[in-house]
Amino acid sequence: MVNLINYYSTNLNSPKVSFREALLKGIAPDRGLYMPEVIPQISMAEIDTFSSMEYYEIAYNIIKKFLHTEMEDEILFALVKDAYNFEVPLEKVYGNKYIMRLDQGPTASFKDFAARFMGRSINHYLKKENRNLVILTATSGDTGSAIANAFYGLESIKVIVLYPEKEVTLRQRKQMTTLGKNIQIISIDGKFDDCQALVKTAFSDKDLDHLNLSSANSINIGRLVPQIVYYFYAFAKLRKGKNDDKIVFSVPSGNFGDMMGGVLAMKMGLPVDKFIISTNSNDEFPVLLRTQKYHKIEPSKNCISSAMNVGHPSNLSRLVALYGGVMDEKGNIEKQPDYELMNRDIFAVSVDDETTRKTIKETYNKYGTLLEPHGAVGWSGVNKWLENNEKHEKKLVVSLETAHPAKFPEEINRILDIDPELPDSLKGLDDKPEQIFKIENDYSSFKQFLITSNLNN
Ligand SMILES: *Cc1c(COP(=O)(O)O)cnc(C)c1O
């Protein structure tokens, strides 16, 4: 009989909870992030069995270790089979250097992996308990569409997404506004920060308690656990023999949820040689590893890898916790982590826009590998790590591509003079009718909308 895993708050001032509770709560009462108290282990023998499995079967075996008896085996199996019904291509660039394309889901971003598991598992618990929930999310583009698509059609959940009217691309907007059913999209005449402020005010408004508002942003542990899976998948599928006993991953990072999936995989027993963590010019993390001093970047810098324009990554407190330290939600380090160990596991590098563009061009011309800006930041990190290190040349390296190039047609066209082919998921969007609610940029209008729009039916 295995013991249930409890989840503790990184601020160490909240009661420990079950996976279900951590999932439905999102954030701990002391504003810390939930982490598993014990990290389940996987043996090499078990990892070897993954090499002949489908992606969803690997997902089942890994996620099960975090949920134990909190979800029946058959239900979890059906859930991941339904969530992961798309390809996860491992594309050779040269030698044993690969790109893992995490961009084949319904919104063509890696956020689909997390959002699809999270939506289905939340819905499972709500149905069982006969409860309803309203998910409120502010988006600057990618998160809103991944959440809206993942929660689309789930009976127990309504989703409301707020976006800044003038700050999302047409393609991003249509990915949200053409869905309908339980998805309501609100355009705000303001900035992303205004949307976020409206959402936050609603969460703390007692008049709205009866609506059961919740959030689906990347601090939820339910978004982290599914991001462990593809690291195991890549290793199991690519390992060819004794030369590949260890693997190197390059992860283009913003809020560090993706990287946390990888680090958790390593702590579970995946033989990782190194994580190359590449940021854009928002370089607070590479600076932290180099100087052991943390300074957030406010306001964050605008780079072409826009989903990574994060000046204070919330998942950093989880990484610090895994290395024995304590960092609160504001970024104050109350107990230093083991930097020596961190620097052994992680090579952190910052990549500017000029290098990102150059990498897109070179990788395409030299190898025929098409990258978009986020994936190109990751690949630039691989180049930097290989520089001056001949002994790295033979190593098995996998760099993550986190979005489909067709999501950034303007930039790709400017650099390469080609138009990336649309994946099926993005086709036909242009002709579908949109439904958008337009709301003034003030809280009383938003509150009025929430109260009168029959959310609990
Ligand atoms: C969100 C996002 C990232 C950053 O992932 P984090 O988990 O926040 O580090 C990278 N690329 C794309 C395309 C994204 O949408």
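You'll find the structure just up there.
Residues numbered from 1 in each chain as written. Predicted model: local features only at pLDDT ≥ 70, side-chain atom pairs only at ≥ 80, totals over all residues. Heavy atoms only, no water.

*Asks:* How would you summarise the overall build of the protein chain if you had to cite specific residues and measurements?
*Replies:* What the protein chain contains, in helices and strands, is 18 helices and 15 strands. Rg of the C-alpha trace for the protein chain: 21 Å, near the compact-globule value of 23 Å for 457 residues, within the 12% margin. Dimensions of the protein chain, computed from the C-alpha atoms along their principal axes, are close to 65 × 60 × 45 Å. Looking at the 457 residues of the protein chain, the share that counts as buried comes to 59%. Total accessible area computed for the protein chain in this model is approximately 19100 Å², and 47% of it derives from carbon and sulfur atoms. Distance from the positive charge centre (55 side chains) to the negative charge centre (60 side chains) of the protein chain: 3 Å. (Helix = DSSP H or I, 4+ residues; strand = E, 2+ residues; numbered from the N terminus. Rg over C-alpha atoms; globule rule 2.2 N^0.38 Å. Buried < 20%, exposed > 50% of the residue type's maximum accessible area, 1.4 Å probe, protein only. Areas by Shrake-Rupley, 256 points an atom, 1.4 Å probe, with all protein chains shown as cover. Lys, Arg positive; Asp, Glu negative; His and termini not counted. Charge placed at Lys NZ, Arg CZ, Asp CG, Glu CD.)

*Asks:* Explain the sheet that holds strand β7 (residues 183-188) residue by residue, including any values.
*Replies:* Ordered by their spatial adjacency, five strands build an open sheet running β8-β5-β6-β7-β15, and the pairing between neighbours is parallel. Pairing within the sheet leaves two strands with one partner each, and these edge strands are β8 (213-214) and β15 (437-439). Looking at chain direction, β7 and β15 are connected through three bridges and run parallel. Of the residues in β15, the one forming a bridge with I188 is I439. On top of the sheet, helix α8 (residues 192-203) reaches β5 (133-138), β6 (157-164), β7 and β8; it is set at about 150 degrees to β5, its chief contact. (Pairing = 2+ DSSP bridges. Contact = heavy atoms within 4.5 Å. Axes fitted to C-alpha atoms, helices over the stretch in contact; angles between N-to-C directions.)

*Asks:* Give a description of helix α11 (residues 257-268) that names residues and reports values.
*Replies:* Note: α-helices contain 3.6 residues per turn, so residues at a spacing of three or four share the same orientation. Its 12 residues give α11 an end-to-end C-alpha distance of 17 Å, which sits within 8% of 16 Å, the value for a rise of 1.5 Å per residue. When you tally the buried positions in α11, you get 11 out of 12 residues, the bulk of the element. When we look at burial in α11, the residues that qualify are G257, D258, M259, M260, G261, G262, V263, L264, A265, M266 and M268. Of the residues flanking the end of α11, it is G269, one or two places downstream, whose phi is positive at about 130 degrees. (Expected span 1.5 Å × (residues − 1).)

*Asks:* Go over the pairing of β5, please, and point to the residues and values.
*Replies:* For a regular strand, side chains alternate in direction, first toward one face of the sheet and then toward the other. Summarising burial for β5: six of the six residues are buried, a large majority. Covered by surrounding structure in β5 are L133, I135 and T137 together with V134, L136 and A138, the residues of both alternating faces. Direction of pairing for β5 relative to β6: parallel, over a ladder of six bridges. From the neighbouring strand, L136 faces β6, where its bridge partner is I160. Taken together, β5, helix α6 (residues 142-151) and β6 constitute a β-α-β crossover, and its handedness is right-handed. (Right-handed = clockwise from strand over helix to strand, strands pointing away.)

*Asks:* Explain the nonpolar core to me, and be specific about the residues and the numbers.
*Replies:* By size, the foremost hydrophobic cluster in this structure holds 107 residues, and its most contacted members are V80, Y84, F151, F232, F249, F275 and L319. Dropping the residues within four chain positions of it, V80 is found in contact with Y56, A59, Y60, I63 and F117. Grouped together as the second largest cluster of nonpolar side chains are 18 residues, L136, C195, A202 and L208 included. (Core = buried A, V, L, I, M, F, W, Y, C linked by side-chain atoms within 4.5 Å.)

*Asks:* Account for the site of the ligand, with residues named and values stated.
*Replies:* Lining the immediate surroundings of the ligand are 14 residues, of which K111, G254, N255, D258 and T402 lie closest. G254 places a main-chain nitrogen or oxygen 2.8 Å from an oxygen atom of the ligand. The contact in question runs from a nitrogen atom of the ligand to an N or O atom on the side chain of T402, over 2.7 Å. Considering the ligand on its own, with 380 Å² of exposed area, one finds that the protein chains cover 96% of that surface. (Near = heavy atom within 4 Å. Polar contact = N/O pair within 3.5 Å; in protein donor to acceptor, adjacent residues only side chain to side chain.)

*Asks:* Summarise empty space enclosed by the protein; cite the residues concerned and give the values.
*Replies:* A complete count under the given rule lists one cavity of 30 Å³ or more for this structure. Lining the largest cavity, in full, are M176, T177, L179, G180, I183, Q184, I185, Q435 and F437. Only α7 (170-177) and β7 provide two or more residues apiece to the lining of the largest cavity. Of the residues in the lining of the largest cavity, the class split is five nonpolar, four polar and no charged. (1 Å grid on protein atoms, 1.4 Å probe; cavity = no way out; pocket = protein on both sides within 12 Å on 5 of 7 lines; lining within 4 Å. Points joined across faces, edges and corners; volume = space filled by probe spheres on them. Nonpolar A, V, L, I, M, F, W, Y, C, P; charged D, E, K, R; others polar.)

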